[in-house]
Amino acid sequence: AQRVTQPEKLLSVFKGAPVELKCNYSYSGSPELFWYVQYSRQRLQLLLRHISRESIKGFTADLNKGETSFHLKKPFAQEEDSAMYYCALRYPGATNKLIFGTGTLLAVQP
Amino acid sequence: DVKVTQSSRYLVKRTGEKVFLECVQDMDHENMFWYRQDPGLGLRLIYFSYDVKMKEKGDIPEGYSVSREKKERFSLILESASTNQTSMYLCASRAQGADGTDTQYFGPGTRLTVL
């Protein structure tokens, strides 16, 4: 079955330190992968999608099909990056469903 | 700007009550979703709808039903609320861009407590 795994429930870093939020997926085909973010007292929103190959708020994520990973990275964390991050998988032909991971809470300390 | 609204931010109900959670989107999207969000479990799909009167079960449909009579409105119904349905409920609406990109837009959530 298709699955998304985020192994860390909490990641705590200091401001200015590099950040890597891990995401692994299980799917044998060509998935579409996303990162969604939820800041405190705000609604869940799309951060980035792998097909766009974009950098949003300094974050990037590269799809590694060999390792079935889609880790989210930022070279220098900011306090305003503190939020809950969810990795999500959509696969073709699945009537547009998303499968979400369990989420990682990123806490950036001053 | 896409707007997804949910009828209540907080709701407290008693065991056995029938509960209605309403979601409205203003962008004429065909696809709408209901998730529950629980700590350590992430978001789990309850039901989704791909058009008016069309629905499909998600991963955890037991104890829930849905209604989509109009395109803009997607309702989640708890026929007989139980304490294990205490959770945050998120509604989402899906947009597909002209370039084939896919985005789900979420409502603010309804925190339901069942006593």
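Below you will find a few notes about this structure. Computed from a predicted structure; not experimentally measured.

Another point: the overall build of chain B. What chain B contains, in helices and strands, is zero helices and eleven strands. In chain B, the order of α-helices and β-strands from amino to carboxyl end is β-β-β-β-β-β-β-β-β-β-β. Since a compact globule built from 115 residues should have a radius of gyration of about 13 Å, the 14 Å found for chain B is in line with a globular shape. Overall, chain B is about 45 × 30 × 25 Å in size when its C-alpha atoms are taken along their principal axes. When each of the 115 residues of chain B is scored for burial, the buried share is 50%. In chain B, once contacts between residues fewer than 6 apart in sequence are set aside, the share between residues at least 24 apart is 54%. Roughly 5,500 Å² of accessible area belongs to chain B as shown, and the carbon and sulfur atoms make up 48% of that amount. Once the 16 positive and 16 negative side-chain charges of chain B are each reduced to a mean point, those two points are 7 Å apart.

If you look at the biggest cluster of nonpolar residues, it comprises 25 residues, and the most contacted ones within it are Trp35, Leu47, Leu48, Phe70, Leu72 and Tyr85 of chain A. At the level of elements, strand S2 (10-14), strand S3 (19-21), strand S5 (32-38), strand S6 (45-49), strand S9 (83-90) and strand S11 (104-109) of chain A are the ones that each hand at least two residues to this core. If you tally residues by element for this core, the top one is S9 of chain A, at four residues. Among residues more than four places away in sequence, those in contact with phenylalanine 70 of chain A are Cys23, Leu33, Phe34, Trp35, Leu48, Arg49, His50, Ala61, Asp62, Leu63 and Cys87 of chain A. If you look at the next biggest cluster of nonpolar residues, it comprises 20 residues, including Leu11, Val19, Ile60 and Ala81 of chain B.

With the rule as written, the count across this model stands at two disulfides over all chains. Between the sulfur of cysteine 23 of chain A and that of cysteine 87 of chain A lies a disulfide, 2.0 Å long from S to S. Taking the sign of the S-S torsion, about -65° here, the bridge from cysteine 23 of chain A to cysteine 87 of chain A comes out left-handed. Of the two residues, cysteine 23 of chain A sits in the loop between S3 and strand S4 (24-26) while cysteine 87 of chain A sits in strand S9, which places them 64 residues apart along the sequence. Judged on exposure class, the residue cysteine 23 of chain A and its partner cysteine 87 of chain A are both buried. The disulfide partner of cysteine 23 of chain B is cysteine 91 of chain B, and the gap between their sulfur atoms is 1.9 Å. Taking the sign of the S-S torsion, about -75° here, the bridge from cysteine 23 of chain B to cysteine 91 of chain B comes out left-handed. Of the two residues, cysteine 23 of chain B sits in strand S3 (residues 19-25) while cysteine 91 of chain B sits in strand S9 (residues 87-96), which places them 68 residues apart along the sequence. A residue is classified by how much of its surface remains accessible, and cysteine 23 of chain B, at 0% relative accessible area, is buried.

This part is about the pattern of salt bridges. A complete count under the given rule lists ten salt bridges over all chains for this structure. In this structure, arginine 44 of chain B and aspartate 38 of chain B form a salt bridge, with 2.9 Å as the shortest nitrogen-oxygen distance. Aspartate 38 of chain B gets classed as buried once you look at its relative accessible area, which sits at 11%. A network of salt bridges, in which partner residues are shared, links Glu20, Lys22 and Lys73 of chain A.

The rules we used
Residues numbered from 1 in each chain as written. Chains lettered and ligands numbered in written order. Predicted model: local features only at pLDDT ≥ 70, side-chain atom pairs only at ≥ 80, totals over all residues. Heavy atoms only, no water. Helix = DSSP H or I, 4+ residues; strand = E, 2+ residues; numbered from the N terminus. Rg over C-alpha atoms; globule rule 2.2 N^0.38 Å. Buried < 20%, exposed > 50% of the residue type's maximum accessible area, 1.4 Å probe, protein only. Contact = heavy atoms within 4.5 Å. Areas by Shrake-Rupley, 256 points an atom, 1.4 Å probe, with all protein chains shown as cover. Lys, Arg positive; Asp, Glu negative; His and termini not counted. Charge placed at Lys NZ, Arg CZ, Asp CG, Glu CD. Core = buried A, V, L, I, M, F, W, Y, C linked by side-chain atoms within 4.5 Å. Disulfide = S-S within 2.5 Å. Salt bridge = Lys/Arg side-chain N within 4 Å of Asp/Glu carboxyl O.

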